[in-house]
Amino acid sequence: MEMIRIFSTLILFYTFFCAAAQAPDISITGIITDGRNPVENAIVTLVKDSRFADTTDSKGAFTLSNKTGISNNTVRNSKENNLIFLRGNRLYFSVPDGISTSDVMLHTAKGRCIQKYSLGKNRSGSPSIELPKLSTGLYFISISSDRTSIIRKLIVTATKKYLCGNSTGNFTSTGINQSGQTSTGVDQIKITKENFLTKQVDISSYKIEDLSILFEPESIANATSLHKRYSNFFHIGAAVDGNSYKDAHASIWKTHFNSMVCENEMKWTALQPSSGNFQFSQANAMVNAARSSGMLVRGHVLCWFDQTPDWVFQGASKEVLFGRLRNHISKVMSEFKGKVYAWDVVNEAVIGYNDNDQDVGEDLGSLKRWGYRNSKWYQIAGEDHIFEAFKAARAADPNAKLFYNDFWNYLDGKREFIISFVKKLKEQNLIDGVGLQCHLNISAAQEKKNNQSAYQTVDNLEKEIREYAALGLDVHITELDISIYTRDYVSDDKSKWYTSPDLNEAYQDKLAKRYKEFFDMFRRNADKIQNVTLWGISDDNTWLSEFPSGRPDHPLLFDKHLKPKKAFDAIMDF
Ligand code: G3I
């Protein structure tokens, strides 16, 4: 009888052991990248238990699991001959003979005792306790008796609980100091590599899969130049004009940006003000200055309803118009061949219409449909003018990237309309990307729900980026600026203008927060975005202070004195 009892106890222990051994204590997997490429040979360690360590492979992948650390879920401390099992929600104990009483305490990760159990003197078999309902995270179980004190980690995930760790002694060794407080979160993983800035990342559960961790070379992480800080993400551009590329703004431009676009100097009025009269000298001076500083150049714009001289449309049949369009595109792109890497071929060809077939502007309340803008291009040639412009551009410079550029892509209906023709362009291999202008406001409009600006959320912008990228298109943020005004009130109400020469702290903070939110999102989508261009360098020179009412604005990263604003610091800090 005695033999049968011993045998069945052994089987019971063995069953517990096997069941427990299959369940991993820790499973943390992830990919380490420098923003663009995987980082190989980085050492990843669990801070509180350095036995969990791995070195990233050529794909930047690492795994911290039982393979690299503790080997099973049942902890046997042979010295104390003490066994603890976790089965479902119940903890089992095997307390050695000679120990009279044991207290079991359940603590939060910060050391607060949630529950105390006393195993008592009269025990038979393995005493057990039922755990209370616990939210996900890390807990500690301490067992103390007159002879021993043992601490175990208890990991609670949404689906399972894991008992792990093999620590005997005081709480300090597992992260809780003598006063029962801990300063860190559940745990951290540490990533190290020579010439890289050591990084510690908080983890909130030991069961984490597919982490994506940014780990940067020291030279990039500590960069003070904006474009260098972003060198593993995307190019950072600025629109410049005929003065700013060479006056006091030039040193900021050259230090912080590695892409440029002419604000007005490559528009049709500037390049061919009258038929056959091509004026390239101003644009060439700007392009050459950019290129000699190692910048990329975006070309803006070949076919637009605005800033196109009247002569282009005068007396023009569709064929005559297309002849002028082809000639302009061919001459202009040939002039800048090999210098301009991406062109906004067509700009702003879509608007919203009301019941009376009029442009609704910001007033989405009266929106009936989205459609092509009723420009002179459209009146003479319909939607064909878009395809004709892209065909001419592809023929003129097959190596240039061709873009359709527009605003308010965060409005689902507008984007759907754009996608309807962009898809056709893509099928004919006529387009490479979309330009999202991103003239934003300091906060999305609240008062007028039908105002387009109410849709300027990070989520909506992220959605537009993902949808365009899913079509196989490059995405450039082409004209980013963030007005300090919301769109809730009319801009000619002078009592609401901000007239102080310098932006006060409250505005600075709010603007910085908004810039940061968008740049955080841009970085998250760096595999889809190749270029983020600001529509200007500093607040002393912004279209928003002229347009539409002369209301002073402060939408850029540098202030009127050419000093970096808090918004600049905010997007450098990640
Ligand atoms: O060149 C003339 C100058 O000779 C004249 O003395 C002066 C008097 O007002 O006007 C000058 O032209 C101005 C031009 O900018 C160059 O400074 C125009 O009036 C003015 O309307 C024009 O504004 C430009 C606007 O496009 C035209 O619609 C802005 O600077 C420019 O920032 C803006 O850029 C557009 C993008 O191309 C497309 N997306 C929207 C973006 C912002 O509106």
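In what follows, the structure referred to is the one given above.
Notes on the structure follow. Being a predicted model, the structure only gives us computed values, none of them experimental.

Focus on the site of the ligand
Consideration 1: Near the ligand there are 14 residues, and of these Glu-263, Lys-267, His-300, Asp-306 and Glu-479 occur at the shortest range.
Consideration 2: Interatomic distance of 2.7 Å between a side-chain N/O atom of Glu-479 and a nitrogen atom of the ligand.
Consideration 3: Residue classes in the shell around the ligand are distributed as three nonpolar, six polar and five charged.

What about the sheet that holds strand β1 (residues 27-33)?
Consideration 1: What the three strands build is an open sheet, ordered β4-β1-β16; its pairing is mixed. Every other strand in the sheet has two partners, leaving β4 (61-65) and β16 (207-214) as the edge strands with one partner each. Shown here is a sheet whose adjacent strand axes are inclined to one another by a mean of 15°, direction ignored.
Consideration 2: Inspection of the sheet shows β1 paired to β16 by six bridges, in the parallel sense. When the bridges of β16 are listed, Thr-33 appears paired with Leu-214.

Brief notes about the nonpolar core
Consideration 1: With 108 residues, the main nonpolar core has Trp-253, Leu-480, Phe-519 and Phe-522 as its most contacted residues.
Consideration 2: Counting residues per element, this core draws most heavily on helix α9 (residues 384-396), at seven residues.
Consideration 3: Not counting chain neighbours up to four residues away, the residues in contact with Phe-519 comprise Tyr-230, Phe-234, Ile-236, Leu-480, Val-532, Leu-534 and Ile-571.

Points about the pairing of strand β2 (residues 43-46)
Consideration 1: With three bridges connecting them, β2 and strand β3 (residues 53-55) associate as antiparallel partners. What sits directly across from Thr-45, in β3, is Ala-53.
Consideration 2: The hairpin turn running from β2 into β3, its antiparallel successor, is six residues long.
Consideration 3: In terms of strand pairing, β2 meets strand β14 (residues 187-192) through four bridges, oriented antiparallel. Considered in β14, the bridge of Leu-46 is made with Ile-189.

Structural notes on unusual backbone geometry
Consideration 1: Cis geometry marks the peptide bond from His-300 to Val-301, where omega comes out at 15°.
Consideration 2: Its location among the elements puts Val-301 in strand β19 (residues 296-304).
Consideration 3: Residue Pro-548 is reached from Phe-547 by a cis peptide bond, and omega for that bond is -5°.
Consideration 4: In this structure, Pro-548 sits in the loop between β27 (529-534) and α13 (566-572).
Consideration 5: Of note, Asn-195 is a non-glycine position whose phi angle comes to about 70°, a positive value.
Consideration 6: On the secondary structure map, Asn-195 appears in the loop between β14 and β15 (199-203).
Consideration 7: Residue Asn-195 is classed as exposed on the basis of its relative accessible area of 56%.
Consideration 8: Non-glycine residue Trp-408 carries a positive phi angle of around 55°.

Observations concerning empty space enclosed by the protein
Consideration 1: Throughout the structure, instances matching the rule amount to four cavities of 30 Å³ or more.
Consideration 2: In this structure, the largest cavity spans a volume of roughly 60 Å³.
Consideration 3: Taken together, Cys-303, Trp-304, Phe-305, Val-346, Asn-347, Glu-348, Ala-349, Arg-373, Ser-375, Trp-377 and His-385 form the lining of the largest cavity.
Consideration 4: Contributions of two or more residues to the lining of the largest cavity are made by β19 and β20 (342-347).

Cut-off values and rules
- Residues numbered from 1 in each chain as written.
- Predicted model: local features only at pLDDT ≥ 70, side-chain atom pairs only at ≥ 80, totals over all residues.
- Heavy atoms only, no water.
- Near = heavy atom within 4 Å.
- Polar contact = N/O pair within 3.5 Å; in protein donor to acceptor, adjacent residues only side chain to side chain.
- Nonpolar A, V, L, I, M, F, W, Y, C, P; charged D, E, K, R; others polar.
- Pairing = 2+ DSSP bridges.
- Helix = DSSP H or I, 4+ residues; strand = E, 2+ residues; numbered from the N terminus.
- Axes fitted to C-alpha atoms, helices over the stretch in contact; angles between N-to-C directions.
- Core = buried A, V, L, I, M, F, W, Y, C linked by side-chain atoms within 4.5 Å.
- Buried < 20%, exposed > 50% of the residue type's maximum accessible area, 1.4 Å probe, protein only.
- Contact = heavy atoms within 4.5 Å.
- 1 Å grid on protein atoms, 1.4 Å probe; cavity = no way out; pocket = protein on both sides within 12 Å on 5 of 7 lines; lining within 4 Å.
- Points joined across faces, edges and corners; volume = space filled by probe spheres on them.

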